[in-house]
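Given next are the chains, with one letter for each unit.
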Protein chains: 2
Amino acid sequence: MRYATLGGMDAVDRQIIAALRANGRATYADLGRQVGLSASAVHERVGKLESSGVITGYHAVVDPPSVGLGVTALVGIQPTDTGDDDEIAAALGELPEVESCYAVAGDEAFVVKIRVATVDELERSLGRLRRIHGVARTRTTVVLSTRFEGRPNAPEPAPPPAVPDKSGA
Amino acid sequence: MRYATLGGMDAVDRQIIAALRANGRATYADLGRQVGLSASAVHERVGKLESSGVITGYHAVVDPPSVGLGVTALVGIQPTDTGDDDEIAAALGELPEVESCYAVAGDEAFVVKIRVATVDELERSLGRLRRIHGVARTRTTVVLSTRFEGRPNAPEPAPPPAVPDKSGA
DNA sequence: ATTGAAATCGGTTCGGC
DNA sequence: GCCGAACCGATTTCAAT
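All of the points below concern the structure found in this document.

Quick notes on the rules
Residues numbered from 1 in each chain as written. Chains lettered and ligands numbered in written order. Predicted model: local features only at pLDDT ≥ 70, side-chain atom pairs only at ≥ 80, totals over all residues. Heavy atoms only, no water. Helix = DSSP H or I, 4+ residues; strand = E, 2+ residues; numbered from the N terminus. Buried < 20%, exposed > 50% of the residue type's maximum accessible area, 1.4 Å probe, protein only. Contact = heavy atoms within 4.5 Å. Areas by Shrake-Rupley, 256 points an atom, 1.4 Å probe, with all protein chains shown as cover. Least-squares fit on C-alpha atoms with pLDDT ≥ 70 in both. Near = heavy atom within 4 Å. Polar contact = N/O pair within 3.5 Å; in protein donor to acceptor, adjacent residues only side chain to side chain. Nonpolar A, V, L, I, M, F, W, Y, C, P; charged D, E, K, R; others polar. Salt bridge = Lys/Arg side-chain N within 4 Å of Asp/Glu carboxyl O.

**Comments concerning the overall build of chain A**
Alright, step 1. Per the secondary structure count, chain A includes 5 helices and 5 strands.
Alright, step 2. Taken across its 169 residues, chain A has 41% of its residues classed as buried.
Alright, step 3. Summarising the internal contacts of chain A: among those between residues at least 6 apart in sequence, 63% fall at separations of at least 24.
Alright, step 4. Counting only carbon and sulfur atoms, one obtains 55% of the accessible surface of chain A, whose full area is about 8,900 Å².

Right under this line is the structure:
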C-alpha cells in the first residue's frame, strides 16, 4: 500500500530515479543498461517522471568555496507578533545568499541556509535579514564544516514483492 | 588544501557553471551557444572544472513527497563530554535518512537534515541518532514546508562578457 | 586555449509488437 | 509499454593555430 499508488511508479521508475540522482547526466542508453530496458523505453519513462513533477530538475553541484562562497550559516528567524510568514518568506526569496528556506515548528518561523563569501558579508546579510518587515530576531549558527550534503537517500532499499497480490490494486 | 581554482577561473567558466547549475543536462553545444564558444572548447573547460573539483557532480532533483519522503527535520546533535566528532559524523553518514550533515559552532556539534516517510519513521530515526556512540542529546526541528531549497545563488550577478554575435540573434 | 572536421555515440521519433 | 531501426544532432578526438 505504501508503494503501490505513488503516482503509478514501479520499481523500474525508482531505479531510474535513483540512477539520475546519483548521476544527473547519465545517458538514456546508460540508464537502460542499468534497469534492463531500451533507451527509448527509458526516455519515455523519464519524460513522464519529469512532466508529472517527480523529477523537478537537474543541477550541477559546485564546491562552494571554489566559487567564492566559503561561509555557510543556518539562521533561525523569529517573526514579530504581527509578522506575516508568507511576506517574510517572499522577502527571504529576494536575497540571493539565502539558498534554502524552511518553515518550521517552534518559536522560529523559518530556518534558512545562507552562503556568503566572508564573515563580513555574513554580518551584512544578517543585517538584511533583520531588516525584513515582520522579523523580530535572528539566531545564527555558523557552519564550521560540511561533512556531507544532499545525499541521494533512498526511502528504503526496495520493496521485495515476495507474494504477488492481485487483490484490489 | 587551498582552492587555487579561483585564480584559474574566468568569467566564461562562471557562466558555464551558472548554466550547469540551472540545467545540469544542458548539452555542450547549448552551453557553447550561451557563452559564445564552440562545443569542444566548452567540453574541455567543463572537464577541467570537474577534475579540479569545482563541479563535484550532477544530480536529478526529485520532489521528496513523490518518492515517499514527506517528512523533513533539522536535528541538532549535542555530543557527550568525551564524544569524538569525527566518529559521530561517520556514524551519521551510515544512516541513509541523514541527507546533510554540518559541523557547527555552538554547544551542538552538528546539525543534520533528515528525510523520512512518516513521523513514525522520524521517531525511529531520532532513536538511532541518540544511540550513536558519543551523542548526548538531540534537538529536533520539524520542517512544516519547504519554501525553497538549493537555489543557484551566484556570488555575483555574472558580468556579461560582451560577446559579439555573429548572426543577428 | 580555441577552432572545425571527422567519427562515434546517444537522443528522439516512429512503426510494429 | 517496450523494442528496434533510422535519422539527426551531440559528444569526443584531433590536427592546426
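**Quick look at the relation of the copies chain B and chain A**
Alright, step 1. Superposing chain B onto chain A takes a rotation of 180° combined with a translation of 0.1 Å along the rotation axis, leaving an RMSD of 0.2 Å. A rotation of that kind, with that shift, is consistent with a two-fold axis.
Alright, step 2. Of the residues that chain B buries at the interface, 95% are likewise interface residues in chain A, meaning the two copies contact each other through the same surface.

**Details of the protein's contact with DNA strand C**
Alright, step 1. In the neighbourhood of DNA strand C, 13 residues make up the surrounding shell, with A:Y28, B:S38, B:S40, B:R45 and B:K48 lying closest.
Alright, step 2. Of all DNA strand C atoms lying within 4 Å of any protein atom, the proportion belonging to sugar or phosphate reaches 71%.
Alright, step 3. The separation between a phosphate oxygen of DNA strand C and a polar side-chain atom of B:R45 is 2.6 Å.
Alright, step 4. Listed by contribution, the elements that provide at least two residues to the surface near DNA strand C are α2 (28-35) and α3 (39-51) of chain A together with α4 (39-51) of chain B.
Alright, step 5. The element best represented in the surface near DNA strand C is α4(B), accounting for 5 residues.
Alright, step 6. Class assignment for the residues of the surface near DNA strand C results in 4 nonpolar, 5 polar and 4 charged.

**Quick look at the protein's contact with DNA strand D**
Alright, step 1. Close to DNA strand D lie 14 residues, the nearest being A:S38, A:S40, A:R45, A:K48 and B:Y28.
Alright, step 2. Atoms of DNA strand D within 4 Å of the protein belong to the sugar or the phosphate in 77% of instances, the rest to bases.
Alright, step 3. The contact in question runs from a phosphate oxygen of DNA strand D to an N or O atom on the backbone of B:Y28, over 2.8 Å.
Alright, step 4. Between B:R33 and DNA strand D, the recorded distance is 3.4 Å, taken from a side-chain N or O atom to a phosphate oxygen.
Alright, step 5. Listing elements by their share of the surface near DNA strand D, those giving two or more residues are α3 of chain A together with α3 (28-35) and α4 of chain B.

**Comments concerning the pattern of salt bridges**
All names here are of chain A.
Alright, step 1. What the rule picks out here adds up to 24 salt bridges over all chains.
Alright, step 2. Here R128 ties to E97 by a salt bridge, and the two come within 3.0 Å at their closest N and O atoms. Residue R128 is found in helix α5 (residues 119-130), and its partner E97 is found in the loop between α4 (85-94) and β3 (98-104); the two are separated by 31 residues along the sequence.
Alright, step 3. Classification of R128 by relative accessible area gives partly exposed; the value is 32%.

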